[in-house]
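# Structural description and commentary
Spelled out from the first residue to the last, the chains are:
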Amino acid sequence: MNNFTYTEAKSVTAAAAEAANQSHAKFIAGGTNLIDLMKYRVENPERLIDITRLAFDKIEEKKDGGLRLGALVTNADTAYHAAVENRYPLLAQAILSGASAQLRNAATNGGNLLQRTRCYYFYDTATPCNKREPGSGCSAVGGFNRICGVLGTSEHCIATHPSDMCVALAALDATVQVTGADGERSIPLVEFHRLPNDTPHIDTNLQPDEVITAIDLPAEGFAKNSAYVKVRDRSSYAFAVVSAAAALTLDGDKIKDVRLALGGVAHKPWRIPEAEQEIIGMTADRTAFQKLAEAYLQGAKGFEHNAFKIELAKKTIVRALEEAAS
Amino acid sequence: MKKEENKPAGKKGFSRRNFLRGTGLTAAGMVVGTKGFAGEFAPAAAPVYGPDEVPVTLSVNDGSYQTLARPDEVLVDTLRERLDLTGTKLVCGRGACSACTVMVDDKPVCSCLTLTMEVQDKKITTIEGVADGDELHPIQQAFIDEDASMCGFCTPGMIMSCKSLLDRNSNPSLDEVKKAVRGNLCRCGTYPHVFKATLKAAERMG
């Protein structure tokens, strides 16, 4: 790691102000991704602002029947919280499918949203990478790209977002609450992460002086009919090759409502609400699920080593929806 | 200075570790129940620390340690290099193997990804704090009885994961034991013995 200075934020406004004044500062909470990246010299902040003493460490009921997940609550405490287990099992399942117990005990909800890609070339400082060093080129496009994306990629970057939690949050229509120098605002989870386009070094729409304070879940948690299916190279402690978060509301055997988000295939959790609408009213069976799978992968573009992800994603979608329906 | 706790491993009271230790500087002091020199750095509004080393106070295994640490120092290094608590092992340094597992506020975390500065007000438990004096914790005894250690490098972390499971679940199933050590890599492949040992410890503790 590089040498850096360290300070503790006493309030969210102080944290925002500190970040606004220091162009090379980073917030630190659980540190499970940031410290890792600093050890690889991918991140080299001149100052770390410790935000772990801020008061966003609770899970609270919301007046609208939803749940507010504090940004500093750990992934483990979120997944094992009774309200999450009972009302949002999709989220609990997604969180527990990722990382290890040790990492989930330290990693926070806010930090999970801000995870950086695990693209090999992003981590390898000896190779060009537009995300790490804008303008240097993308090594993955013509390189070893098995783990890279097949949807929403650009010639500048084909990296994927690695989070499981965010895939479930996208399906659940979660909202991210942030506070910055200009005050508070809400960002729908599906608009929080960006596509790479020609600025792959900017992962999210969070401004540098903004702090994530909470993630809000709406009242509907699809507790009866939801499933997170994660396909990976080994059955524990591996990132998703492809994952699908599926949630259904059924009226008899008819689909009354459906939510689907994909992980491991794009620079952000992949969700197409218009495609979901197309199967509402259909019988909840393989025909409808395959139709949705085709719609989600429309326009998908495989690269030398990852074209298999397109078919795999379709099958994963169908399986997740079938599991959710059963 | 903290009193020497590690018995020399060599026949003539000479060990590789002590030799290596003798070639470098260690700065560690143990004071129980006092604030010591940390008070001199009592924070005004948002003080900035580092990049050089600063005084830190750590609560490890029921003792309060005062030592120095740089802001970029991770807990495993402070434990091993400054506090001589070398039971915690550093292997990958990237949170991928969990050999460096310690408990922070009773929860297992990777000490290789934990900044020392961040855990000053937390309760830290290392493998040295698992036994009760000379009496081994049942999970440690069961690891011996079931031959659950081969090269031994993953063992301290493995024991912390298994102990954490037993702390919150006195009667775990085999599947629950497997899940508890999912993050702990053992390249010798001792897993079946680790599972047996944990189930045996649960039985003895129950």
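See above for the structure.
One structure accompanies this document, and this report is about it. Only a predicted model underlies this, so the values are computations on that prediction, with no experimental measurement involved.

### Describing the overall build of chain B
Along chain B, the regular secondary structure elements total 6 helices and 7 strands. Secondary structure elements in chain B, listed N-terminal to C-terminal, are α-β-β-β-β-α-β-β-β-α-α-α-α. Burial status across chain B gives 47% buried among its 206 residues. A separation of at least 24 residues holds for 58% of the contacts in chain B among residues at least 6 apart in sequence.

### Concerning the packing of aromatic side chains
Two descriptors summarise a pair of aromatic rings, namely the distance from one centre to the other and the angle between the planes of the rings. Applying the stated criterion to the full structure yields 5 aromatic pairs over all chains. Considering the side-chain rings of Tyr-6 of chain A and Tyr-49 of chain B, the 6.5 Å spacing of their centres and the 50 degrees angle between planes classify their relative orientation as tilted. Of the two residues, Tyr-6 of chain A is situated in strand β1 (residues 5-8) and Tyr-49 of chain B in strand β2 (residues 48-49); the pairing between them involves two chains. Residue classification places Tyr-49 of chain B among the buried positions, given a relative accessible area of 19%. When the centroid spacing of 5.1 Å and the interplanar angle of 85 degrees are considered together, the rings of Tyr-40 of chain A and Tyr-123 of chain A count as edge-to-face. Note that Tyr-40 of chain A is positioned in the loop between α2 (34-39) and β3 (47-50) and Tyr-123 of chain A in helix α8 (residues 120-123), a separation of 83 residues in sequence. The exposure class of Tyr-40 of chain A is partly exposed, given its relative accessible area of 34%. Tyr-123 of chain A gets classed as buried once you look at its relative accessible area, which sits at 12%. Here the aromatic cluster, defined as three or more aromatic residues joined through ring pairs, consists of Tyr-40, Phe-122 and Tyr-123 of chain A.

### Details of helix α3 (residues 138-145) of chain B
All names here are of chain B. Listed in full, the buried residues belonging to α3 are Ile-139, Gln-140, Ala-142 and Phe-143. All buried residues of α3 lie within an arc of 165 degrees about the axis, which places them on one face of the element. Next to the buried residues of α3 lie α4 (155-168) and α6 (191-205). A positive phi of about 55 degrees marks Asp-147, the residue just after α3.

### As for the sheet that holds strand β8 (residues 211-217) of chain A
Residues and elements named next belong to chain A. Strand order in the open sheet formed by 5 strands is β4-β5-β8-β6-β7, with antiparallel pairing between adjacent strands. Each end of this open sheet is capped by a strand with a single partner; those strands are β4 (59-61) and β7 (183-188). Strand-to-strand, the axes of this sheet are offset by a mean angle of 25 degrees, without reference to chain direction. Bridge analysis of β4 against strand β5 (residues 67-70) gives 3 bridges, and the strand direction is antiparallel. Paired with Ile-59 across the two strands is Leu-69, which belongs to β5.

### Considerations on the interface of chain A and chain B
Facing 33 residues of chain A, the contacting portion of chain B comprises 30 residues. Carbon and sulfur atoms supply 53% of the area buried between chain A and chain B, which totals about 2700 Å² over both sides. For the chain A face of the interface with chain B, the top three residues by lost area are Tyr-6, Lys-39 and Gln-102 of chain A, together amounting to 27%. One can count 2 salt bridges joining chain A with chain B. Notably, a salt bridge pairs Arg-53 of chain A with Asp-121 of chain B, separated by 3.2 Å at the nearest N-O pair. Taken together, chain A and chain B are joined by 11 residue pairs in polar contact (both at pLDDT 80 or more). Breaking the side of chain A that touches chain B down by element, the ones donating at least two residues are β1, α2, β3 and α6 (101-106) of chain A. Per element, the largest residue contribution to the side of chain A that touches chain B is 5 residues, and it comes from α6 of chain A.

The rules behind these values
- Residues numbered from 1 in each chain as written.
- Chains lettered and ligands numbered in written order.
- Predicted model: local features only at pLDDT ≥ 70, side-chain atom pairs only at ≥ 80, totals over all residues.
- Heavy atoms only, no water.
- Helix = DSSP H or I, 4+ residues; strand = E, 2+ residues; numbered from the N terminus.
- Buried < 20%, exposed > 50% of the residue type's maximum accessible area, 1.4 Å probe, protein only.
- Contact = heavy atoms within 4.5 Å.
- Phe/Tyr/Trp six-rings, centres within 6.5 Å; stacked < 30°, edge-to-face > 60°.
- Arc of directions from axis to C-beta.
- Pairing = 2+ DSSP bridges.
- Axes fitted to C-alpha atoms, helices over the stretch in contact; angles between N-to-C directions.
- Buried area = accessible area lost by both parts, 1.4 Å probe.
- Salt bridge = Lys/Arg side-chain N within 4 Å of Asp/Glu carboxyl O.
- Polar contact = N/O pair within 3.5 Å; in protein donor to acceptor, adjacent residues only side chain to side chain.

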